[in-house]
Amino acid sequence: MPATHSQPWEPHQPKPLFTAPKGWGSVKGWYFGIVIGVLGGLALLPFTRNILVAQWETSLTSGYSGLVAPMHLSASDAARLEWVANAEPSDVLVQMGFISASLDHPLSASNFSANTLSRLLGLIQKHPNRAGLYALLVRVALQQESSDVVAADLSMNPVPASRPNTLSPVAPQRAAILEAALKRGEQLEPNNAFWPAMRAWLYFSDHQESQGERALERVISTSQWDSHLYEQVLGEWRLYAQVFGDQGALQKLEPLTLLSFPHLQALRAMAFHVHDEAEQDIAVGHLSQAFRLHHALARLGEILRDTAPWAYEALLGTDLVLIASTGDKTPLQGEGMIDSLTTWEPYGRRYLALLRRSGEEAEARWLEHEVIKSLKLRQTLGLARSVAPYDGVPPGIPLKALLSDWMLGVLTLQQMMGLLGSFFILGAGSLLIKRFPRAPLLLFLALAILFIGLLYLFSLLPSMGWALGVLVCGVLLWLVGLSWLSGRLFDKEEPRTEPSWKTSALCIILAFGVTAALWGGLHVQIGQMHPLARVLSGLDSVGPHEDQAQMLLRWFLGLSFAFVVCMSGGTRSLLLRHRPLEGAFQVVRNLLWPALALMVIVYLALLQITIRQDARTAAAIQQAAINDREWVLTHTLSE
């Protein structure tokens, strides 16, 4: 007979709530070491530390982090920019970057101070042979002139009429500064059409017609156009890198999207003025003078169209060619109104016929050829706008992929925070229910009141904090409600058992699977959650404010792992006749460090993908900034 062993009977003792899982001590050090080691290693490297900090800030708020700070400079940010500029007085690019940042910032019209202008004048005295400084001075003066005109219009009329094609006189002191800068720039770069063209604008604005005509005719002897905007962009890149740290491609993109072109409006107004003057000469029979003005204007447009490094400047060149080729009725009061030969012919036929009747057949053929080239370029640039990822971003830059990868890193950080938060919240709730038998009902009522209050506040004042509160409170309400119902439905509670390793593995696989499915299915929407994407898409004109549905979706995508684990653990406990709240806590407790270690590894992989994508995007932005026009044309035609 088999041997029998008698064992003394012992009453069942429930396990303490916070006991460690079996085998925990042997592996927890590994999991803890992976989490701390990876995050600590990322924090040691400056570039990865900057990305980690920026993603951490974005994971906690819908506002702008240091990554996109150049687009919305605060008073403290502006002070930091000025401090760095003062600390680097001999770095010309940093000084140019600070002045350009003052111009390009959305609030710069009112914040640009006389000290900044004095800084630029002092910089020119130290470097009198650097043509880019004179071009920046012209841009500063034009920006100030434009803001003064707008302020004057607003003081007389709250809704001023738009006068984009009208020349306005320049203030005498500013005109003297402009004339000196343009004259010196033309001496340094006699082959650059920028200088005589802007001098012609200045003279025509001051009603010095003869000097303006001579300056415009000097454009004919030039062969290139360079407004030196690339130097200013380089300066902003260097300045922002010193102030906010190297943030990679997104930091390089912002100066390009904020770049202003005040000289283009001035040149367009001058073109209409020259066109009107030429038509008056035709009316009184001064055909040769009118032909010279039309030719000089068309030649300026040709140079801009074919040699300008920026697509906006090239587009203005097509405008100037079309203005120079039309008769007394010019339809180009808005960009893009003439985009085909069919729409141009009714307006250009009269002037071409006049050229041919006057024996200027060669001029007529040349002008007609330039018109056809300009119309083709306008069509190509119009197509570029349709294929560009965002307004103001050249086509061919893989920005959407970078923003999506970047936001996946943000969501992974939120998953880690969600799992940690679940451990502490569920642990506190389970301890409360264990010590106070009537706690489930009271806790359920309190959570229901809190949930209704959070919903009301969230509807009135949408914020990421209220959105998080609504989701977390909703899940807790579900778990506590089931815990209270389980006490009413079951006569007695079955003894609690620790989840097996198979159950834990199944929960991890299920949670990761649901999260991966959500992220994969909503990949495009995830990229649009990036603050920079929202600004470039026109969703946020002033500040980075998402609506309620987007806030809830962002937190749900960032807490999906914790939600699935909690609901799986609660459902398992309910099937085993246990309290769902304590069962959910058991599962979260068992999975906490293994899941965190896996998430850290996933975050590291996503960060490597983001860094490689960032390098490709940064290289594309660099090439696009060197010659924006060629980049746009090349990548528009290839797509």
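So, a few notes on the structure that sits alongside this text. (Residues numbered from 1 in each chain as written. Predicted model: local features only at pLDDT ≥ 70, side-chain atom pairs only at ≥ 80, totals over all residues. Heavy atoms only, no water.)

## A closer look at helix 17 (residues 361–387)
Logical step 1: Between its first and last C-alpha atoms helix 17 spans 40 Å; for 27 residues at 1.5 Å apiece the expected length is 39 Å, and the two agree.
Logical step 2: Of the residues making up helix 17, those classed as buried are Glu363, Ala364, Leu367, Glu370, Val371, Ser374, Leu375, Leu377, Arg378, Thr380, Leu381 and Ala384. (Helix = DSSP H or I, 4+ residues; strand = E, 2+ residues; numbered from the N terminus. Expected span 1.5 Å × (residues − 1). Buried < 20%, exposed > 50% of the residue type's maximum accessible area, 1.4 Å probe, protein only.)

## A short note on the pattern of salt bridges
Logical step 1: Here the structure, examined in full by the defined rule, presents 16 salt bridges.
Logical step 2: Aspartate 91 is paired through a salt bridge with arginine 238; the nearest N and O atoms lie 3.0 Å apart. Of this pair, aspartate 91 sits in the loop between helix 3 (75–87) and helix 4 (92–104) while arginine 238 sits in helix 11 (residues 229–244), and the two are 147 residues apart along the sequence.
Logical step 3: Assessed through its relative accessible area of 16%, aspartate 91 is described here as buried.
Logical step 4: Ionic pairing is found between glutamate 630 and arginine 629, a salt bridge with its closest N-O pair at 3.0 Å.
Logical step 5: With relative accessibility at 7%, the residue arginine 629 sits in the buried group. (Salt bridge = Lys/Arg side-chain N within 4 Å of Asp/Glu carboxyl O.)

## A few points about the packing of aromatic side chains
Logical step 1: Under the criterion given, the structure shown has nine aromatic pairs.
Logical step 2: Note on phenylalanine 194 and tryptophan 225: the rings are 5.3 Å apart at their centroids and 80 degrees apart in plane angle, and the pair reads as edge-to-face. Linking phenylalanine 194 in helix 9 (residues 194–205) with tryptophan 225 in the loop between helix 10 (209–218) and helix 11, this pair joins segments that are 31 residues apart in sequence. When sorted by exposure, phenylalanine 194 lands in the same class as tryptophan 225, which is buried.
Logical step 3: In this structure an aromatic cluster arises from ring pairing among Phe194, Trp195 and Trp225. (Phe/Tyr/Trp six-rings, centres within 6.5 Å; stacked < 30°, edge-to-face > 60°.)

## What about the nonpolar core?
Logical step 1: Met198, Trp201, Leu216, Trp225, Met270, Leu300 and Leu399 are the most contacted members of the largest nonpolar core, which has 99 residues in total.
Logical step 2: If you look at the next biggest cluster of nonpolar residues, it comprises 61 residues, including Ile508, Ala511, Val565 and Met599. (Core = buried A, V, L, I, M, F, W, Y, C linked by side-chain atoms within 4.5 Å.)

## With respect to unusual backbone geometry
Logical step 1: Unlike most non-glycine residues, histidine 207 shows phi in positive territory, near 60 degrees.
Logical step 2: Checked against the element boundaries, histidine 207 lands in the loop between helix 9 and helix 10.
Logical step 3: Here histidine 228, not a glycine, exhibits a phi torsion of approximately 60 degrees, which is positive.
Logical step 4: Looking at where histidine 228 falls in the secondary structure, it is placed in the loop between helix 10 and helix 11.
Logical step 5: Take histidine 228: its relative accessible area is 6%, and that puts it in the buried class.

## Re a nonpolar patch on the surface
Logical step 1: Together, Tyr456, Leu457, Leu460, Leu461 and Trp466 make up a nonpolar patch on the protein surface, roughly 500 Å² of accessible area in all.
Logical step 2: Among the elements that line the nonpolar patch, the one with the most residues is helix 19 (residues 439–460), at three residues.
Logical step 3: With respect to the helices and strands, tyrosine 456 occurs in helix 19. (Patch = residues over 30% accessible without salt bridge, like charges linked within 9 Å, V, L, I, M, F, W, Y side chains within 5 Å. Areas by Shrake-Rupley, 256 points an atom, 1.4 Å probe, with all protein chains shown as cover.)

## Focus on the packing of helix 14 (residues 287–307) against helix 16 (residues 341–357)
Logical step 1: Packing of helix 14 against helix 16 leaves a shortest axis separation of 12 Å and a crossing angle of 125 degrees. One way to sum up the angle between helix 14 and helix 16 is to call them oblique. The two elements helix 14 and helix 16 meet at a crossing, and its hand is left-handed. Across from Leu287, Ala290, Phe291 and His294 in helix 14, the residues of helix 16 making contact are Tyr351, Leu354 and Leu355. (Axes fitted to C-alpha atoms, helices over the stretch in contact; angles between N-to-C directions. Parallel < 35°, antiparallel > 145°, perpendicular 65-115°, else oblique. Left-handed = near helix turned anticlockwise from the far one by under 90°. Contact = heavy atoms within 4.5 Å.)

## Digging into the side chain of aspartate 405
Logical step 1: Considering the arrangement of structural elements, one finds aspartate 405 in helix 18 (residues 399–435).
Logical step 2: Residue contacts for aspartate 405: discarding those within four places in its chain leaves His523, Ile609, Thr610 and Gln613.

## Things to note about the side chain of glutamate 363
Logical step 1: Looking at the secondary structure, you find glutamate 363 in helix 17.
Logical step 2: In this structure, glutamate 363 is buried with no salt-bridge partner, the nearest side chain bearing the opposite charge being arginine 365 at 10 Å. (Lys, Arg positive; Asp, Glu negative; His and termini not counted.)

## A few points about the packing of helix 9 against helix 10
Logical step 1: Running from N to C, helix 9 and helix 10 cross one another at 165 degrees; their axes reach a closest spacing of 8 Å. The angle between the axes of helix 9 and helix 10 places the two elements in the roughly antiparallel class. For the pair helix 9 and helix 10, the crossing hand works out as left-handed. Counted together, Pro196, Arg199, Ala200, Tyr203 and Phe204 of helix 9 and Glu209, Gln211, Gly212, Glu213, Ala215, Leu216 and Arg218 of helix 10 form the full contact between these two elements.
Logical step 2: A per-class count over the contact of helix 9 with helix 10 returns six nonpolar, two polar and four charged. (Nonpolar A, V, L, I, M, F, W, Y, C, P; charged D, E, K, R; others polar.)

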